[in-house]
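# Coordinate inspection notes
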Amino acid sequence: MNILKLISDIEANIYEIYKVIHENPELGMEEYETSRLIRKELSEQDDCDEILSIGKTGLVAVLKGEKEGTKHCLLLRGDMDALPVNEDQDHYPKSKNAGVMHACGHDAHTAILLGTLRTMKRYKAYFSGTIYFFFQPAEEILKGAKSLFLSKEIDFDTIEGVAACHVMPDLYAGDIGLKTGTTLASADHFDVTVLGKGGHGAHPYTTIDPVVIASDIIIQLQNLVAREVSAFDSAVISVCSIHSDGDTYNVIPDRVRLKGTLRALTKETRERLSARIVDVCSKVAQAGRAEADVRFEEGPPPFRNDDLWVERTKRMADRLLGEDHVKMLDIVTMGAEDFAFIKDRYPGVFVRIGCRSEGKEFTPIHSSRFTVDRKALSVGIKTMCGIALDFFEIEKDVYGI
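These lines cover the structure that appears in this document, whether it is placed above or below. (Residues numbered from 1 in each chain as written. Predicted model: local features only at pLDDT ≥ 70, side-chain atom pairs only at ≥ 80, totals over all residues. Heavy atoms only, no water.)

Okay, the pattern of salt bridges next. According to the stated counting rule, one finds 26 salt bridges in the structure shown. Across the pair Glu337 and Arg77 runs a salt bridge whose closest N-O atoms are separated by 2.7 Å. Residue Glu337 is located in the loop between strand S15 (326-328) and helix H8 (340-343), and its partner Arg77 is located in strand S3 (residues 72-79); the two are separated by 260 residues in the primary sequence. You can call Arg77 buried: its relative accessible area is 1%. Taken together, the shared-partner salt bridges connect Glu41, Asp47, Arg118 and Lys121 into one network. (Salt bridge = Lys/Arg side-chain N within 4 Å of Asp/Glu carboxyl O. Helix = DSSP H or I, 4+ residues; strand = E, 2+ residues; numbered from the N terminus. Buried < 20%, exposed > 50% of the residue type's maximum accessible area, 1.4 Å probe, protein only.)

Here it is in structure tokens:
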């Protein structure tokens, strides 16, 4: 059962499933049709031993090994949700849902996970234990990963490792990217309401102007990173939204609302800057005779790849893809991933899958121009299967490489 032949045999079918998902994108917690499609595929192809529901739209396909011996447990994840983006008119395949697009490659991740399951079921006789394939909703709104832990049918104490992949347009299709140690940042949301006292724009001395105070807060927040974070560390504070309750030229409003994100690479920096954001907002507002109400919504923690799992992934990718196609990355991204909620509990790895087509322009994720080269699907399946084969110590002569 040569694994490369098995993957080649299903590649066309997996691409067709990918196209259906891409053409019918759904936002987080609304992935009803995508979930139904995956359930239909799993049932018709007899891909797994059990299907578990996770919330309204998530599901876990359970694959049980048949080999006698000590049982081990692995969890693999693929996310399913899309973004509120209008897709470029020149694309094929193209979204049929106006204003919704798979602009981050979750359609590819879902197809890769299904292909991995469909391949690994052929090796059931050669491993002892369980593989959970988590088809996850709502990654973009940072709610889907945590929903896994609401399941009462999964024994979470048995899980020994986790893995996920994400397409990356910085790499060409055919290549994967790996990084040891910290690879993604935490991401917390903050919401600040500056409460002043409105009045006539001609007489600001009779008001407590929340617009000026909010502007000062924004400047001082930027100084936190510039002056309170080491040059050998990284953090980002971005105020991305500012709205007052005024809507005319000559009325100073009563309040201004700011929304933003805090990102950090260590838990220590994250905690320290969270406290300092509250401190700065409160004291700058106080200095201007106003008040500041600061609220945080905690997002995913920093994501750290474990050395053993990076070594495992590289070892198998060298065999299944070729050493030239395995790129060791040295740059940390300040983007975040809600898979970190799961990874924070278990050892594991997050793998980048190249998706840029040779000779084509760079199309960034979350843009209307984003595309995935179909070669990325088979590369993702090979990579995820390689992780599973190595985790369960399936012999090389069994999978033929």
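Another aspect to go through is the sheet that holds strand S13 (residues 291-297). Strand order across the open sheet formed by 4 strands is S10-S12-S8-S13, with antiparallel pairing between neighbours. Bordering the open sheet on either side are strand S10 (235-244) and S13, each of which pairs with just one other strand. Across the sheet, the mean angle from the axis of one strand to that of its neighbour is 20 degrees, orientation sign disregarded. Judged from the 9 bridges that link them, S10 and strand S12 (residues 255-264) form a sheet pairing that is antiparallel. Residue pairing across strands places Ala235 opposite Ala264, the latter belonging to S12. Packing of helix H5 (residues 210-228) onto the sheet brings it into contact with strand S8 (188-195), S10 and S12, and relative to S10 it is tilted by some 170 degrees. On top of the sheet, helix H6 (residues 267-287) reaches S8, S10, S12 and S13; it is set at about 160 degrees to S13, its chief contact. (Pairing = 2+ DSSP bridges. Axes fitted to C-alpha atoms, helices over the stretch in contact; angles between N-to-C directions. Contact = heavy atoms within 4.5 Å.)

Another point: the packing of aromatic side chains. A full pass over the atoms with the stated rule returns 8 aromatic pairs. Summarising the aromatic geometry, the rings of Phe149 and Phe156 are spaced 5.1 Å apart at their centres and angled 50 degrees between planes, so their arrangement reads as tilted. Of the two residues, Phe149 and Phe156, neither departs from the other in class, the shared state being buried. Among the aromatic residues, those joined into a ring-pair cluster are Phe127, Trp309, Phe391 and Phe392. Here Lys146 stacks its cationic end above the ring of Phe341, 4.7 Å away from the centre of that ring. Lying over the aromatic face of Phe303, Lys343 brings its terminal NZ or CZ to 5.9 Å of the ring centre. (Phe/Tyr/Trp six-rings, centres within 6.5 Å; stacked < 30°, edge-to-face > 60°. Lys NZ or Arg CZ within 6 Å of the ring centre and 35° of its normal.)

Before going further, it helps to examine the sheet that holds strand S6 (residues 176-178). Strand order in the open sheet formed by 8 strands is S1-S2-S4-S3-S5-S16-S6-S15, with mixed pairing between adjacent strands. Of all strands in the sheet, those bounded by a partner on one side alone are strand S1 (50-54) and S15. The average angle at which neighbouring strand axes cross in this sheet is 25 degrees, direction not considered. In this sheet, strand S16 (residues 348-356) lies alongside S6 in antiparallel orientation, the contact comprising 2 bridges. Residue pairing across strands places Gly177 opposite Arg352, the latter belonging to S16. Along the sheet, helix H9 (residues 375-391) contacts S3, strand S4 (129-136), strand S5 (161-172), S6 and S16; its crossing angle with S16, the most-contacted strand, is approximately 160 degrees.

By size, the foremost hydrophobic cluster in this structure holds 68 residues, and its most contacted members are Met120, Tyr123, Ile131, Phe133, Phe135, Ile176 and Ile394. Counting residues per element, this core draws most heavily on H9, which supplies 10 residues. Each residue touching Met120, except ones within four places of it in the same chain, is listed here: Leu63, Phe127, Ile131, Phe133, Cys385, Ala388, Leu389 and Ile394. (Core = buried A, V, L, I, M, F, W, Y, C linked by side-chain atoms within 4.5 Å.)

Turning our eyes to something else, we now look at the packing of helix H1 (residues 3-23) against H9. Taken N-terminus to C-terminus, the directions of H1 and H9 make an angle of 130 degrees; their axes are 9 Å apart at the nearest point. With respect to each other, H1 and H9 are oriented oblique. As for how H1 packs across H9, the hand of that crossing is right-handed. Contacts between H1 and H9 involve Ile3, Leu4, Ile7, Glu11, Ile14, Tyr15 and Tyr18 from the first element and Leu377, Ser378, Ile381, Lys382, Cys385 and Leu389 from the second. Classifying every residue of the contact of H1 with H9 by side-chain character gives 10 nonpolar, 1 polar and 2 charged. (Parallel < 35°, antiparallel > 145°, perpendicular 65-115°, else oblique. Left-handed = near helix turned anticlockwise from the far one by under 90°. Nonpolar A, V, L, I, M, F, W, Y, C, P; charged D, E, K, R; others polar.)

Here we come to the packing of H1 against helix H3 (residues 106-120). The geometry of H1 relative to H3 is characterised by a closest axis approach of 9 Å and an angle of 145 degrees between their N-to-C directions. As H1 packs across H3, the resulting crossing turns out to be right-handed. Along its contact with H1, which presents Ile3, Leu6, Ile7, Ile10, Asn13, Ile14, Ile17, Tyr18, Ile21 and His22, the element H3 presents Asp107, Ala108, Thr110, Ala111, Leu114, Gly115, Arg118 and Thr119. Classifying every residue of the contact of H1 with H3 gives 11 nonpolar, 5 polar and 2 charged.

This next bit is on the state of the cysteines. A full pass over the atoms with the stated rule returns 0 disulfides. Sulfur of Cys48: no disulfide; nearest cysteine sulfur belongs to Cys73 and is 14 Å away. For the unlinked cysteine Cys281, the closest cysteine sulfur is that of Cys240, found at 14 Å. Residue classification places Cys281 among the buried residues on the basis of a relative accessible area of 0%. (Disulfide = S-S within 2.5 Å.)

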